[in-house]
Amino acid sequence: MVNANDFHGGTDSEVLERAVAGRGADGIVVIPPRESDFEPERREWLIDRAVLIPENTTVILQNCTVKLSDRCRDNFFRTANCGIGIEDPPKITNVHIRGEGLCTLMGADHPRATGDGTKILACPCPKKPEDLCRLVDWIPEDRRKSGNLDFWDMHERSYGTDAGKPDESQYGDWRGIGILFANAEYFSIENLRIVESHGWGISLEACAFGRVEKIDFDAMMEREIDGLLQNTENQDGIDLRNGCHDIVVSDITGGTGDDLIALTAIASPKYLPGGSMRTTHVMHNDWTRRERDIHDIVIRNIVGRCKSGICNIIRLLPAEAQIRNIVIDGVIDNSPEGFRAGSVLLLGEGDGAYGRNLPESIKNITVSNMICAGRNAVTVPGYLCDSVFSNIVNKNENSPVFEVFRSGGMKNVLMSNIQTSGKTVVLEHE
């Protein structure tokens, strides 16, 4: 076991990298509050690039804060097998991040980029309609003068100080994810608070036999920066991507700007090598060499909400892929009275930008002990079959418990102990 404060470097990033490199046979690296003869009053770690976690390594954070500097356009932590220039990340095993006490990962004061690969960087990037009409040039003049803005006037751009810099990508990508594990087996991430991540809080790609637990989120898809409320897109909590299986996600709290937990098996036909930009995937997507489905996942003990009001607590999205064998148990939407976000559980998507939802694309799902306060309780725009729902409470009197948008979108689904404040349990659209 080594202590990061026993190492020296010109920057905090160098200190942490040397501590990881200098770990002993047990592979344990302890990161307590920062101690240094330089800036002795600063106790937080301020990093300029991701801390890479090699195989057989456990990083233990002890009552400390790790913050991204304004120079950083990278993750907090990333498995060492992936990154720019690594086209085919090899498998990595036995990698762990564990917090002890109150351990916080915090975004930069002035992020260089936020949002995913579809979001254009802007600086400033106003959130309020009146500031958009007053300060930006990407919205047509007639809409700015009338104030009649649409959804994408606000949401197609995201804050980043790299905006307009000719040598920098003008879109978000996987570097904005807080903790990024790829092709990892026998892993764990636990007991952390993630505040204002630049994109998703945690993303797992093709990971297996692991757990993510006791994570608290604080993000709202907007931040006040330099006296202006700025738009910061795509602040999901936890995302499991194609190829993830045999994983437990438990004891998740707090609020996010985007989906709190998302299982997204999006099998794009356009080939991208590993480390590509303008994508949230750090791995390649050659589906002849890796699995496209997500399966055998447990999600339990979730108490939280989507603070932006436009997204969901749990989302299952298969496009040209399948999500199966999923257990969801114990979900409380703790939105304040009168606040209506999206669905508590969103199953599938319309056949649009992500690709097709295939018949039987979501199957063998069990959902139990769920309290819903959103605009929708369970929304099914895709295909759901061979599943069980029990002990569901819908607090929204204006919403059905289940809303199904396709003919044949829900088949062989057993329901029991469904309580609703409204009049309709299942609303099926033709």
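Everything below is about the structure shown above.
Summary of the structure given here.

Thoughts on the layout of surface pockets
Each pocket or cavity is described by its volume, and for the largest pocket that value is around 1,400 Å³. As for the largest pocket, its lining consists of 48 residues, and the residues nearest its centre are D116, T118, I266, L317 and Y354. Contributing elements (two or more residues each) for the lining of the largest pocket: α4 (151-155), β18 (238-241), β20 (261-266), β22 (314-319) and β24 (343-347). Top contributing element to the lining of the largest pocket by residue count: α4, with three residues. Residues belonging to the lining of the largest pocket are distributed by class as follows: 17 nonpolar, 17 polar and 14 charged. A volume near 390 Å³ is recorded for the second largest pocket. Of all the secondary-structure elements, those providing two or more residues to the lining of the second largest pocket are α1 (12-21) and β3 (45-47).

Comments concerning the packing of aromatic side chains
A full pass over the atoms with the stated rule returns four aromatic pairs. Aromatic pair F389 and F402: ring centres 4.9 Å apart, planes at 90°, arrangement edge-to-face. Of this pair, F389 sits in strand β27 (residues 384-394) while F402 sits in strand β28 (residues 402-404), and the two are 13 residues apart along the sequence. Here the two residues F389 and F402 agree in accessibility, since each one is buried. The ring of Y171 carries R278 above its face, with NZ or CZ at 3.5 Å from the centroid. For R305, the ring lying beneath its charged end belongs to F339, and the centroid distance is 5.4 Å.

As for the pattern of salt bridges
Scanning the model with the defined rule gives 34 salt bridges in all. A salt bridge links K67 to D109, with the nearest nitrogen and oxygen atoms 2.7 Å apart. Taken together, the residues span a long stretch of sequence, with K67 in strand β6 (residues 65-68) and D109 in the loop between β9 (104-106) and β10 (120-122) at a distance of 42 residues. Note on K67: relative accessible area 10%, which makes it buried. When its relative accessible area of 40% is taken as the criterion, D109 is described as partly exposed. For D293, the salt bridge goes to R324, with nearest N and O atoms at 3.0 Å.

Here we look at unusual backbone geometry
The peptide bond linking C123 to P124 adopts the cis configuration, its omega dihedral lying at 5°. As for its position among the elements, P124 is in the loop between β10 and α2 (129-135). The phi angle at E196 is positive, at roughly 50°, despite the residue not being glycine. The residue E196 is located in the loop between β13 (184-195) and β14 (202-205) in this model. Overall, the relative accessible area of 16% leaves E196 in the buried class. Residue D386 is not a glycine yet carries a positive backbone phi of 55°. Relative to the elements of secondary structure, D386 occurs in strand β27.

Considering the side chain of Q235
Along the chain, Q235 turns up in the loop between β17 (228-231) and β18. When sequence neighbours within four positions are dropped, the list of residues in contact with Q235 reads E196, S197, G199, A219, M220, M221, E222, T256, G257 and D258.

Thoughts on empty space enclosed by the protein
The tally for this structure, following the rule as stated, stands at four cavities of 30 Å³ or more. Space inside the largest cavity adds up to approximately 50 Å³.

Considering the environment of D251
Structurally, D251 is set in strand β19 (residues 245-256). Note: C-alpha distance between D251 and R300 (49 residues apart in sequence) is 6.6 Å. Separated by 3.2 Å, the side chains of D251 and S250 make a polar contact.

Considering α1
Every buried residue of α1 is listed here: D12, S13, V15, L16, A19 and V20. The buried residues of α1 all sit within an arc of 160° when viewed along its axis, so they share a single face. Buried residues belonging to α1 abut β1 (2-3), β2 (28-31), β3 and β4 (51-53).

Quick notes on the pairing of strand β23 (residues 323-333)
Where strand β21 (residues 294-306) and β23 come together, nine bridges link them in parallel fashion. If you follow H295 over to β23, its bridge partner there is R324. Taken together, the eight bridges between β23 and strand β25 (residues 362-372) define a ladder with parallel strand orientation. Following the sheet pairing, D329 is matched in β25 by S368.

Things to note about the sheet that holds β14
Spatial ordering of the open sheet is given by β4-β7-β12-β14-β18-β20-β22-β24-β26-β28-β30, a layout of 11 strands whose pairing is parallel. With partners counted over all chains shown, the strands left at the sheet margins are β4 and β30 (426-428), one partner each. Averaged over all neighbouring strand pairs, the angle between strand axes comes to 15°, with direction disregarded.

The rules we used
- Residues numbered from 1 in each chain as written.
- Predicted model: local features only at pLDDT ≥ 70, side-chain atom pairs only at ≥ 80, totals over all residues.
- Heavy atoms only, no water.
- 1 Å grid on protein atoms, 1.4 Å probe; cavity = no way out; pocket = protein on both sides within 12 Å on 5 of 7 lines; lining within 4 Å.
- Points joined across faces, edges and corners; volume = space filled by probe spheres on them.
- Helix = DSSP H or I, 4+ residues; strand = E, 2+ residues; numbered from the N terminus.
- Nonpolar A, V, L, I, M, F, W, Y, C, P; charged D, E, K, R; others polar.
- Phe/Tyr/Trp six-rings, centres within 6.5 Å; stacked < 30°, edge-to-face > 60°.
- Buried < 20%, exposed > 50% of the residue type's maximum accessible area, 1.4 Å probe, protein only.
- Lys NZ or Arg CZ within 6 Å of the ring centre and 35° of its normal.
- Salt bridge = Lys/Arg side-chain N within 4 Å of Asp/Glu carboxyl O.
- Contact = heavy atoms within 4.5 Å.
- Polar contact = N/O pair within 3.5 Å; in protein donor to acceptor, adjacent residues only side chain to side chain.
- Arc of directions from axis to C-beta.
- Pairing = 2+ DSSP bridges.
- Axes fitted to C-alpha atoms, helices over the stretch in contact; angles between N-to-C directions.

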